[in-house]
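Letter by letter, the chains look like this.
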Amino acid sequence: MNAVVTPTPAAAGISMRSLHTPEEMVTASALLARVWEVPPERSLLSPEMLVALAHSGNYVAGAFLGEEIIGVNVGFFHPPLKRSLHSHVAAVAPEHAGAGVGRALKHHQRLWALERDATRVTWTFDPLVARNAYFNIRKLGCDVEAYLTDFYGTMQDSVNQGQHSDRLLVVWHLDRLPRDNEHPQEDHPVLLRNDDGRPVMGAMPDGAEYCLVEIPSDIDEVRRHLPALALEWRIELREVLGGLLAEGWRVVHFDPDGSYHLRRSA
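Since the model is a prediction, treat every value here as computed from it, not as a measurement.

1. With respect to helix α4 (residues 130-139)
Each α-helix turn comprises 3.6 residues. Residues three or four places apart therefore point the same way. Buried within α4 are the following residues: Ala130, Ala133, Asn136 and Ile137. The buried residues of α4 occupy one face: seen down the axis, they fall within an arc of 140 degrees. In this structure, α4 carries Arg131 and Lys139 as exposed residues pointing more than 90 degrees from its buried face. Those residues of α4 hidden inside the fold are in contact with β5 (120-125), β6 (143-148), β11 (250-255) and β12 (259-263). Directly beyond the C-terminal end of α4, a positive phi value near 75 degrees is found at glycine 141.

2. Examining unusual backbone geometry
Excluding glycine, most residues fall at negative phi; most peptide bonds, likewise, are trans. In this structure, glutamate 37 is a non-glycine residue whose phi angle is positive, near 60 degrees. Turning to its location among the elements, glutamate 37 is positioned in the loop between α1 (22-35) and α2 (47-55). We classify glutamate 37 as exposed; its relative accessible area is 51%.

3. Details of the sheet that holds strand β9 (residues 199-201)
Spatially, β9-β8-β10-β12-β11 is the arrangement adopted by the five strands of the open sheet, whose pairing is mixed. Because the sheet does not close on itself, it has two edges, and the strands there are β9 and β11. Averaged over all neighbouring strand pairs, the angle between strand axes comes to 20 degrees, with direction disregarded. Relative to β12, β11 runs antiparallel, the two being bridged by five bridges. Within the sheet, the bridge partner assigned to arginine 250 lies in β12 and is arginine 263. Strands in contact with α4 are β11 and β12; relative to β11, the strand with the most contacts, it is inclined by about 115 degrees. Sheet strands in contact with helix α6 (residues 227-246) are β8 (188-193), β9, β10 (210-214), β11 and β12, and its direction is about 165 degrees off that of β8.

4. What about the environment of glycine 71?
If you trace the backbone, glycine 71 turns up in strand β3 (residues 68-78). It is 9.9 Å that separates the C-alpha atoms of glycine 71 and isoleucine 14, two residues lying 57 residues apart in sequence. If sequence neighbours within four positions are ignored, glycine 71 has contacts with Leu31, Ala61, Gly62, Ala63, Ala91, Val92 and Leu105.

5. Quick notes on the pattern of salt bridges
Inspection of the entire model under this criterion finds 13 salt bridges. Put simply, glutamate 232 and arginine 198 hold a salt bridge, and the shortest N to O gap is 2.3 Å. Of this pair, glutamate 232 sits in helix α6 while arginine 198 sits in the loop between β8 and β9, and the two are 34 residues apart along the sequence. Glutamate 232 gets classed as partly exposed once you look at its relative accessible area, which sits at 24%. Among the charged side chains, a network of salt bridges with common partners joins Asp126, Arg131, Arg167, Asp220, Arg223 and Arg234.

6. Overview of the packing of aromatic side chains
Scanning all chains against the criterion turns up five aromatic pairs. Seen in terms of ring centroids, phenylalanine 151 and tyrosine 152 are 4.7 Å apart; in terms of plane orientation they differ by 70 degrees. Their pairing is edge-to-face. Measuring from ring centre to ring centre gives 4.7 Å for phenylalanine 254 and tyrosine 260, while their planes differ by 70 degrees; the resulting arrangement is edge-to-face. Accessibility classification places phenylalanine 254 together with tyrosine 260 in one group, the buried group. What links up through ring pairs into an aromatic cluster is the set Tyr59, Phe77 and Trp112. Above the plane of the ring of phenylalanine 64 lies arginine 17, whose end atom (NZ or CZ) is 3.6 Å from the centre. For the cation-ring pair, lysine 106 lies above tryptophan 123, with the distance from its terminal atom to the ring centre recorded as 3.6 Å.

Cut-offs used in this document
- Residues numbered from 1 in each chain as written.
- Predicted model: local features only at pLDDT ≥ 70, side-chain atom pairs only at ≥ 80, totals over all residues.
- Heavy atoms only, no water.
- Buried < 20%, exposed > 50% of the residue type's maximum accessible area, 1.4 Å probe, protein only.
- Helix = DSSP H or I, 4+ residues; strand = E, 2+ residues; numbered from the N terminus.
- Arc of directions from axis to C-beta.
- Contact = heavy atoms within 4.5 Å.
- Pairing = 2+ DSSP bridges.
- Axes fitted to C-alpha atoms, helices over the stretch in contact; angles between N-to-C directions.
- Salt bridge = Lys/Arg side-chain N within 4 Å of Asp/Glu carboxyl O.
- Phe/Tyr/Trp six-rings, centres within 6.5 Å; stacked < 30°, edge-to-face > 60°.
- Lys NZ or Arg CZ within 6 Å of the ring centre and 35° of its normal.

Set out below in structure tokens:
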């Protein structure tokens, strides 16, 4: 393997390390509960599960500001054994959002995986969340592998409650340089935001090589104030983006304002 194993500096004052002790796991579990706005006893991962994952050789790490855990990242190996890591959940304390903690967590995970001869990391994210799409596709250079409809079923946390749990599956290839994002000169809009923020379908011209799929720039705001509109976006995006990926189109670029650019497969 010719991968370059180099750490990425964390934000000023932030350190990264694996978690081991039961006390660290209690704190990490509580942070996950706070980010997903549920009581600690309903956290996405209990302290006991975090202990078990770490003990069995999987990835459980934290971002620290001094001795305070301000970020958590958890993953586990999946077939082919010891070559692929699935990153199940990552979270940053809300007061530290936008400070580079999430990026530091992912690159710590990359270094950890490479040191164990893993060559790829997979994870899922909500395709309606523009900031995550931009980070995963543009910043990390992940490939979009599949659209997963209602992947987790009904979710009860405050962030996802009342919304279908559709996800995009992405792959971060650790043994190659990130691909260059393509910048199409002409792409045809097949899903757009109108002036009222509603989704509008467009027609795909015959023979088009590139197409454009827009999403809201901030779906969290839409969910808070217009949940019915957020659900409408979910259904339309599932039909359009999910349909395009199923037909073999691939995501080649993402604009931070909320636009997927896709290219027809040869």
